[in-house]
Amino acid sequence: MAGRNVLRRSMLYVPGSSQRYMDKSRTLSLDCVAYDLEDSVTPGRKAEARALVRKELDKAMPEGIKERAVRINSVGSGLALQDMQELLKTQNFTTVVVPKVETPSDLTFISDVIAHTRSKDFTTPISVIALIESAKSLSNLNDICKATPHLLSGITFAAEDFALDMSISRSPSLSEFLFARQMIATHARAYNIPSTLDLVTVAFKTEADQETLKEECESGKRMGFNGKQCIHPSQVKTVEQIFSPSPQEVEWAVRITIAQRKAEELGRGAWALDGKMIDAPVEGKARAIVKKAELIGFDVKSLQEKYKDEEPQ
């Protein structure tokens, strides 16, 4: 499967028709920037935006950005083929965000275009992030997740389009999205899709908006999402902080993994740490935290040295 070691705590959309905004994005520090050819680009500027984004990808990766993605137009729009043909001209095209994915054929179309269009000289794997935006998307989610396991590295909830499709209004509690969000987070786990990106927080200007962003991040994290879409750079820091393990969590996880190895050598299936029982699910969580901490850039090795003598109790 594509992108097993994916770190997408944040994915910031940047209009692909604006060179100014793309230049600004190069100065930022974040996990994933998604140059947009879809909603933020008017019909008359689609061709211009394609060329601008392809030229942007031709440039070296900015120091502070871990991944550059492109949100193309939906397969159903009739524009996806032209988008893909232009983007596949650059070997730096590694991640495609596919909007309005409603059936498995939307993803197999993208897979076929890559297979038949991409230069054989380009060997970097391409990952797909699928946007789930409608009732039909949800009803087909099982098949969508199975369609292109070699490409699919993320599924994302597009709340505004989903609300439009369902003829519902977004409330502060987000209760009307509960079923859809849980479906997406659960299917991602079921099919070992590493990246699950939660809905956009639409307001970002005031202190109250930042508090709303924080609450939505914490809600999404509790639900099983491991990242969130952003529409403004001011949202990125909060999003990445909340979707990162805390230093205390990393320290706990390192202690668990060290003591677990020793417990295995002693043939102990369950043991205790700090007065709490540790078994396979807890140890699995600890390993996942350590892995994420390494991706983020925590100094895990120093912690492992510090706690090298940790023993199972």
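Under an unreviewed UniProt entry, the name given to the chain is HpcH/HpaI aldolase/citrate lyase domain-containing protein, and the organism recorded is Lithohypha guttulata. Listed under Cofactor (unreviewed entry) in UniProt, the entry text for the chain is "Mg(2+)".

## Thoughts on the packing of helix α2 (residues 46-58) against helix α3 (residues 80-87)
If you want to describe how two helices pack, look at the angle between their axes and the distance between the axes. Relative orientation of the contacting elements α2 and α3 amounts to 30°, with a least axis distance of 9 Å. Taken as axis vectors, α2 and α3 run roughly parallel relative to one another. Crossing of α2 over α3 shows right-handed handedness. Residues Arg50, Ala51, Val53, Arg54 and Leu57 of α2 form the contact with α3, whose participating residues are Gln82, Asp83, Glu86 and Leu87. A class-by-class count of the residues in the contact of α2 with α3 yields four nonpolar, one polar and four charged.

## Observations concerning the packing of aromatic side chains
What describes a pair of aromatic rings is the distance from one ring centre to the other and the angle between the planes of the rings. On inspection of all chains with the given rule, the structure shows three aromatic pairs. Plain terms: the ring middles of Phe157 and Phe162 are 5.4 Å apart, the flat faces sit at 65° to each other, and that makes the pair edge-to-face. With respect to class, Phe157 is no different from Phe162; both count as buried. Their ring planes at 75° and their centres at 5.5 Å tell us that Phe157 and Phe177 sit as a pair that is edge-to-face. With Phe157 in strand β6 (residues 152-157) and Phe177 in the loop between α7 (159-166) and α8 (178-190), this residue pair connects regions lying 20 residues apart in the sequence. With respect to burial, Phe157 and Phe177 carry one shared label: buried. Ring pairing ties together the aromatic residues Phe157, Phe162 and Phe177, which thus form one cluster. We note Arg20 situated over the ring of Tyr21; from NZ or CZ to the ring centre the distance is 4.7 Å.

## Some words on the sheet that holds β6
Reading around the barrel, the eight strands line up as β1-β2-β3-β4-β5-β6-β7-β8 and close back on themselves, with parallel pairing between neighbours. Across the sheet, the mean angle from the axis of one strand to that of its neighbour is 25°, orientation sign disregarded. As defined by bridge partners, strand β1 (residues 10-15) adjoins strand β8 (residues 227-230) across three bridges and the pair is classed as parallel. In the sheet register, Leu12 faces β8, and the bridge partner there is Cys230.

## Some points on the nonpolar core
One finds Ile72, Met84, Phe93 and Val96 to be the most contacted residues of the largest nonpolar core, which totals 60 residues. It is α8 that contributes the most residues to this core, five residues altogether. Once residues within four sequence positions are removed from consideration, Met84 is found in contact with Ile72, Phe93, Val96, Ile110, Val113 and Ile114. Within the second largest apolar cluster, 17 residues are counted, among which are Val250, Ile258, Trp271 and Val290.

## Considerations on the layout of surface pockets
Put simply, the largest pocket is a space of about 800 Å³. In terms of lining, the largest pocket is formed by 24 residues, of which the most central are Arg189, Pro194, Asn226, Ala288 and Lys292. Broken down by secondary-structure element, the contributors of at least two residues to the lining of the largest pocket are α8 and α12 (280-296). Residue classes in the lining of the largest pocket are distributed as 11 nonpolar, four polar and nine charged.

## Considering the environment of Glu211
Mapped onto the fold, Glu211 is located in helix α9 (residues 207-223). The class of Glu211 is partly exposed, set by a relative accessible area of 41%. A sequence separation of 27 residues divides Glu211 from Thr238, and the C-alpha atoms of the two residues are 9.6 Å apart.

## Some details on the state of the cysteines
A full pass over the atoms with the stated rule returns zero disulfides. Looking at Cys145, it has no disulfide partner, and the nearest cysteine sulfur is the one in Cys32, 19 Å off. Here Cys217 is not disulfide-linked; the sulfur of Cys230 is the nearest cysteine sulfur, at 7.2 Å.

Basis of the calculations
- Residues numbered from 1 in each chain as written.
- Predicted model: local features only at pLDDT ≥ 70, side-chain atom pairs only at ≥ 80, totals over all residues.
- Heavy atoms only, no water.
- UniProt positions renumbered as here; feature names shortened; annotations may be inferred.
- Axes fitted to C-alpha atoms, helices over the stretch in contact; angles between N-to-C directions.
- Helix = DSSP H or I, 4+ residues; strand = E, 2+ residues; numbered from the N terminus.
- Parallel < 35°, antiparallel > 145°, perpendicular 65-115°, else oblique.
- Left-handed = near helix turned anticlockwise from the far one by under 90°.
- Contact = heavy atoms within 4.5 Å.
- Nonpolar A, V, L, I, M, F, W, Y, C, P; charged D, E, K, R; others polar.
- Phe/Tyr/Trp six-rings, centres within 6.5 Å; stacked < 30°, edge-to-face > 60°.
- Buried < 20%, exposed > 50% of the residue type's maximum accessible area, 1.4 Å probe, protein only.
- Lys NZ or Arg CZ within 6 Å of the ring centre and 35° of its normal.
- Pairing = 2+ DSSP bridges.
- Core = buried A, V, L, I, M, F, W, Y, C linked by side-chain atoms within 4.5 Å.
- 1 Å grid on protein atoms, 1.4 Å probe; cavity = no way out; pocket = protein on both sides within 12 Å on 5 of 7 lines; lining within 4 Å.
- Points joined across faces, edges and corners; volume = space filled by probe spheres on them.
- Disulfide = S-S within 2.5 Å.

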